[in-house]
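The primary structure of each chain is shown beneath.
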Amino acid sequence: MSIGVIVFPGSNCDRDVQWATEGCLGISTRRVWHEETDLSSFDAIVLPGGFSYGDYLRCGAIARFAPALQSLIDFAAKGGRVLGICNGFQVLTELGLLPGALTRNRDLHFICEDAPLKVVSQRTAWTQGYNEGALTLPIAHGEGRYQCSDDTLKQLQDEDAIALSYGNNPNGSVSDIAGITNASGSVLGLMPHPERACDPATGGTDGRRMLEALLG
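What you see is a predicted model; the values in this text were computed from it and never measured.

Draft legend 1. Geometry of the pairing of strand β6 (residues 111-119). Judged from the 8 bridges that link them, β6 and strand β7 (residues 134-141) form a sheet pairing that is antiparallel. By the bridge assignment, Pro116 is partnered in β7 with Thr136. Two elements, β6 and strand β9 (residues 162-166), share 3 bridges in a ladder whose sense is antiparallel. Its bridge partner being in β9, Lys118 is matched across the sheet by Ser165.

Written as structure tokens, this is what we have:
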């Protein structure tokens, strides 16, 4: 199988993702420039962390217009597996593939630390590997506070689409939300970085099982 990692001007975790998927898990991975439109050769797509187009307007707001993302809409509509990490999660909400929005952290500070997480739903392959229901992943963001309307929150709960929650809610996200999926479960967006917890040399491997879901 093959994974595509879409790269925007300002992406800075694309190589981290490729090392995690290809270097650690042995999955063929290619970085895809944001102007490419043919995603047909890929089995899954990752939107990595960083600052797409500098995030000068709003995180992910400019990236949503990239030619590659117009193709990503069709890719996701056909059931293709899509993972958005940090800035990638922000892009997915701006694109409308996931509901809600990511805003400035509650205390208006950039947060870079390990975050204790709880698996809220094992409905999809992304989290089925976490039988113990708890994990720790690094976070690094200034605008990771997930917000949505009460109706959207109820819909997420009814669809069992809240994948992960924070144990300490460092950014003030509604209902402690750290990651969500779409209704079908093929698209996952999360603020924590599983690619930074895949290689034992980095001090933790709790992200490995999540990335292995790309193989599905």
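Draft legend 2. Fine view of unusual backbone geometry. Even without glycine at this site, Asp55 takes up a positive phi of about 50°. Relative to the helices and strands, Asp55 is located in the loop between β3 (44-47) and α2 (67-77). Positive phi, normally seen in glycine, also occurs at Leu108, with a value near 65°. Note that Leu108 resides in the loop between β5 (101-103) and β6.

Draft legend 3. Representation of the environment of Ser175 within the structure. Along the chain, Ser175 falls in the loop between β9 and β10 (177-181). Considered as a pair, Ser175 and Asn87 are 88 residues apart in the sequence and their alpha carbons are 20 Å apart. In contact with Ser175, other than residues within four places in its own chain, are Leu153 and Gln157.

How each quantity is defined
- Residues numbered from 1 in each chain as written.
- Predicted model: local features only at pLDDT ≥ 70, side-chain atom pairs only at ≥ 80, totals over all residues.
- Heavy atoms only, no water.
- Pairing = 2+ DSSP bridges.
- Helix = DSSP H or I, 4+ residues; strand = E, 2+ residues; numbered from the N terminus.
- Contact = heavy atoms within 4.5 Å.

Shape is all these values report; function is a separate question.
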